[in-house]
Amino acid sequence: LNIINSVEEQEKLCKRLTDDNIKISLIPTMGNLHLGHESLLKASINDDYRIVSLFVNPLQFNNYKDYKNYPKTIEKDLKILKLHNIDCLFMPNEKDMILKTNHDIERKLPDFANILCGKFRKSHFQGVYSIVKKLFNIIKPQKAYFGKKDFQQLLLIKYLVKECFKNTIDIIECETIREKSGLAMSSRNNKLSVKQNRLAALVFNELVSLRKYLKNNNIDLFPMLREEIIKKLSKQDIKIEYLDILCRNNLNTPTEQDIDINIFVAFYIGDVRLIDNIEI
Ligand code: AMP
């Protein structure tokens, strides 16, 4: 595993690889690797040269405490990367990624970046967009891997690739990996007590029941069902931030004719915020 901290060095290496016709794959992460991340590593197993980036991006946090407390487990992460035979770990510093970059913060993102997480986490997607763009410019990957767990982020990355990279980067979408209980794996799950972990899984159960119901019934019923679910979960101290059904291609409000629909949810257990989504 080749560990690189310097942007310049990473650029040089990637230029050399590209000149030698070696195809580069990138798997961006914020570290604290779990089985969700590992599924991305596995999906890239047959690629030529695999780079994992590890950068906890301050621009995408809207809460300083959340950023400062983001779990860091570098020794464990290194073991996982070696286990999966990753070629290179790019671990840049904040000075290079944040201060020495023109972040283009006035850029207007597509409307779908202003709903769901974009509505409740101001500037979150600007931060994601800016840093992933920077990573793509440094590394110039041919492929990049992202999880469907962060579905809205995935759509934004596809938009970025179209806007700024002429669709020359193949975005590989990976399924959401879940705990046995159904709870989507997340670095933030570490912050839950055993009891809270069980509560979080209740939200997944609700998504599954909702999916079953909406498959067989008119989606007009959704607003009513949503209120029932929110009420039911609030009795267990689960606070729903949003619960929506939207077309999965463009996050438009679905009509009766639409078939590609996902259910999206964000919720709080204590002060831990979690997100999830499933296909109907
Ligand atoms: P993060 O380190 O949380 O920024 O995540 C890095 C990448 O791993 C993103 O593309 C995420 O969507 C993906 N990821 C995180 N959790 C999961 C999961 N449970 N299943 C699949 N992919 C995931």
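Look a little higher up for the structure.
What counts and what doesn't
- Residues numbered from 1 in each chain as written.
- Predicted model: local features only at pLDDT ≥ 70, side-chain atom pairs only at ≥ 80, totals over all residues.
- Heavy atoms only, no water.
- Helix = DSSP H or I, 4+ residues; strand = E, 2+ residues; numbered from the N terminus.
- Contact = heavy atoms within 4.5 Å.
- Areas by Shrake-Rupley, 256 points an atom, 1.4 Å probe, with all protein chains shown as cover.
- Lys, Arg positive; Asp, Glu negative; His and termini not counted.
- Charge placed at Lys NZ, Arg CZ, Asp CG, Glu CD.
- Near = heavy atom within 4 Å.
- Polar contact = N/O pair within 3.5 Å; in protein donor to acceptor, adjacent residues only side chain to side chain.
- Nonpolar A, V, L, I, M, F, W, Y, C, P; charged D, E, K, R; others polar.
- Axes fitted to C-alpha atoms, helices over the stretch in contact; angles between N-to-C directions.
- Parallel < 35°, antiparallel > 145°, perpendicular 65-115°, else oblique.
- Left-handed = near helix turned anticlockwise from the far one by under 90°.
- Phe/Tyr/Trp six-rings, centres within 6.5 Å; stacked < 30°, edge-to-face > 60°.
- Buried < 20%, exposed > 50% of the residue type's maximum accessible area, 1.4 Å probe, protein only.
- Salt bridge = Lys/Arg side-chain N within 4 Å of Asp/Glu carboxyl O.

Enquirer: What's the story with the overall build of the protein chain in this structure? I'm lost.
Expert: Per the secondary structure count, the protein chain includes 10 helices and nine strands. Sequence separation of at least 24 residues holds for 72% of the intrachain contacts in the protein chain that already meet a minimum separation of 6. Carbon together with sulfur atoms contributes 50% to the accessible area of the protein chain, which is approximately 14600 Å² in total. For the protein chain, the distance from the average site of its 44 positive side-chain charges to the average site of its 36 negative ones is 3 Å.

Enquirer: What should I look at first to understand the site of the ligand in this one?
Expert: Residues in contact with the ligand amount to 17 residues; listed here are only the nearest, Met30, His37, Asp150, Ile177 and Met185. Here an oxygen atom of the ligand sits 3.0 Å away from a polar atom, N or O, in the main chain of glycine 147. A distance of 2.6 Å separates an oxygen atom of the ligand from a polar side-chain atom of aspartate 150. In the complex, 92% of the free accessible area of the ligand, which totals 480 Å², lies under the protein chains. Only strand E2 (24–29), helix H2 (35–43) and strand E5 (143–147) provide two or more residues apiece to the shell around the ligand. Residue contributions to the shell around the ligand peak at three residues, all from H2. Its residues placed into classes, the shell around the ligand shows seven nonpolar, seven polar and three charged.

Enquirer: Can you walk me through the packing of helix H9 (residues 194–216) against helix H10 (residues 222–234) in this structure?
Expert: Each packed pair of helices is defined by two parameters, the angle between the axes and the distance between the axes. Following both chains from N to C, one finds H9 and H10 inclined at 160 degrees, their axes separated by 12 Å at the closest point. Overall, the two elements H9 and H10 adopt an arrangement that is roughly antiparallel. In this structure, the crossing between H9 and H10 has a hand that is right-handed. On H10, the residues touching Leu202, Val203, Glu206, Leu210, Tyr213 and Leu214 of H9 are Phe222, Leu225, Ile229, Lys232 and Leu233. Of the residues in the contact of H9 with H10, the class split is nine nonpolar, no polar and two charged.

Enquirer: Honestly, the packing of aromatic side chains in this entry has me stumped. Any pointers?
Expert: Between two aromatic rings, the relevant description is the distance of the centres plus the angle of the planes. Tallied over the full model, the rule gives eight aromatic pairs. Relative to tyrosine 67, the ring of tyrosine 64 has its centre 6.1 Å away and its plane inclined at 55 degrees; by these criteria the two rings are tilted. Taken together, the residues span about one helical turn, with tyrosine 64 and tyrosine 67 both in helix H3 (residues 64–68) at a distance of three residues. For tyrosine 64, a relative accessible area of 60% puts it in the exposed group. Judged by relative accessible area, tyrosine 67 falls into the buried class, the value being 11%. Ring geometry for phenylalanine 151 and phenylalanine 264: centres 5.7 Å apart, planes at 65 degrees, overall edge-to-face. Of the two residues, phenylalanine 151 sits in helix H8 (residues 151–165) while phenylalanine 264 sits in strand E8 (residues 261–269), which places them 113 residues apart along the sequence. With respect to burial, phenylalanine 151 and phenylalanine 264 carry one shared label: buried.

Enquirer: Where do I start with the pattern of salt bridges in this structure?
Expert: Should the charged atoms of two oppositely charged side chains come close, the side chains can pair. A complete count under the given rule lists 14 salt bridges for this structure. The partner of aspartate 150 in a salt bridge is lysine 149, and the shortest N-O contact between them spans 3.8 Å. What makes lysine 149 buried here is its relative accessible area of 15%. When salt bridges with common partners are traced through the structure, they connect Lys148, Glu175, Arg248, Asp260 and Glu279 into a single cluster.

Taken by themselves, the reported measurements are silent on function.
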